[in-house]
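# Analysis of the macromolecular model
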Amino acid sequence: MPARNKDQEQEVLTWISDVLGEPLPNGAYEDVLRDGVILCKLANKLAPGSVKKIQERGTNFQLMENIQRFQAAIKKYGVPEEEIFQTADLFERRNIPQVTLCLYALGRITQKHPEFTGPQLGPKMADKNERTFTEEQLRAHNAELNLQMGFNKGASQSGHGGFGNTRHM
């Protein structure tokens, strides 16, 4: 399990607070996020109406539903499934670094949403850098590839004797 990075956690909290436009409650990183309420508010700020119901307080099961609603909302928003943390990672504090990674991924994805003009989290995503090649350039490239593959000048495995034979002891 990756080690926790307090600076990144602080950066995530600052970002969430900036996006929501309100200070977050005081407390440890995982405790502030644990009930999923802030995460749901964040999802709704990024994609209004993406989380219909937020349980402000309730049983563990109800609070875990907040986390699941957040996960569903950010998946729809474009965060790749493999970057989304598991509910237990946060709720049972099993893998807090994964929660941080997921929130960084979410921060990164906001850059693909022109409607989001809020604060950025993490490095700026590279813009698509399309390159166009002429037919001639592509053909020249194909010729190079064939040379790179190397030749084996008539080498074969004949005389290798090891295939299909039993091994004599």
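Everything that follows concerns the structure shown earlier in this document.
All figures in this text were calculated on a predicted structure; none of them were measured in a lab.

Cut-offs applied
- Sequence order as written defines the numbering, with residues in each chain counted from 1.
- Given that the model is predicted, a residue must reach a pLDDT of at least 70 before its local features are reported, and side-chain atom pairs must reach 80 or more before they are shown or counted; all residues, however, enter totals for whole chains, interfaces and linings.
- Hydrogens are left out, water is left out, and the side-chain values use all remaining heavy atoms of the structure.
- Numbering of helices and strands runs from the N terminus; a helix is a DSSP stretch of H or I covering at least four residues, while a strand is a stretch of E covering at least two.
- Relative accessible area decides the class of each residue, using a 1.4 Å probe on protein chains only: under 20% of the type maximum gives buried, over 50% gives exposed, and in between gives partly exposed.
- Contacts: residue pairs with any heavy atoms within 4.5 Å of one another.
- In this description, accessible areas are obtained by the Shrake-Rupley approach with a 1.4 Å probe, and a residue is regarded as covered only by the protein chains that are shown.
- Between the first and last residue of a helix there are one fewer steps than residues, each counted as 1.5 Å, and that sum is the expected span.
- Put simply, a nonpolar core is a bunch of buried Ala, Val, Leu, Ile, Met, Phe, Trp, Tyr and Cys residues held in one set by side-chain atoms that sit within 4.5 Å of each other.
- Only centres within 6.5 Å qualify two rings of Phe, Tyr or Trp (six-membered ring in Trp) as a pair; their planes then separate them into stacked at under 30 degrees, edge-to-face at over 60, and tilted for everything else.
- Any Lys NZ or Arg CZ found within 6 Å of a ring centre and within 35 degrees of that ring's normal is scored as a charge over the ring.
- We treat Lys and Arg as the positive residues and Asp and Glu as the negative residues; His and chain ends play no part in the count.
- Think of a salt bridge as a Lys or Arg side-chain nitrogen and an Asp or Glu carboxyl oxygen that are within 4 Å of each other.

### Some details on the overall build of the protein
When helices and strands are tallied, the protein shows seven helices and zero strands. For the protein, the succession of helices and strands along the chain, N to C, is α-α-α-α-α-α-α. By the burial criterion, 34% of the 169 residues in the protein qualify as buried. Excluding contacts between residues fewer than 6 apart, the proportion of contacts in the protein whose partners are at least 24 apart in sequence is 51%. When the accessible area of the protein is evaluated, it comes to approximately 11500 Å², of which 52% is carbon and sulfur surface.

### Structural notes on helix α6 (residues 96–109)
With 14 residues, α6 extends 20 Å between its outermost C-alpha atoms, agreeing within 8% with the 20 Å of an ideal straight helix rising 1.5 Å per residue. Within α6, 12 of the 14 residues are buried, which leaves the element mostly enclosed by the surrounding structure. Looking at α6, one finds that the buried residues are Ile96, Pro97, Gln98, Val99, Thr100, Cys102, Leu103, Tyr104, Ala105, Leu106, Gly107 and Ile109.

### Focus: unusual backbone geometry
Within the chain, Arg93 stands out as a residue other than glycine whose phi angle is a positive 55 degrees. As for its placement among the helices and strands, Arg93 is situated in the loop between α5 (87–91) and α6. Residue class for Arg93 comes out partly exposed when judged on its relative accessible area of 39%.

### Considerations on the nonpolar core
Ile16, Leu33, Phe70, Leu103 and Leu106 are the most contacted members of the largest nonpolar core, which totals 38 residues. If you list the elements that add at least two residues to this core, you get α1 (6–20), α2 (29–34), α3 (37–46), α4 (60–77), α5 and α6. The leading source of residues in this core is α6, at eight residues. When sequence neighbours within four positions are dropped, the list of residues in contact with Leu106 reads Trp15, Leu42, Leu46, Phe70, Ile74, Tyr77 and Val79.

### Re the packing of aromatic side chains
Under the definition given, this model contains one aromatic pair. Just above the ring of Phe91 sits the side chain of Arg34; from NZ or CZ to the centre is 4.0 Å.

### Some points on the side chain of Asp89
With respect to the element layout, Asp89 can be found in helix α5. Within the buried set, Asp89 has no salt-bridge partner at all; the shortest N-O distance to an opposite charge, 6.3 Å, is to Arg94.

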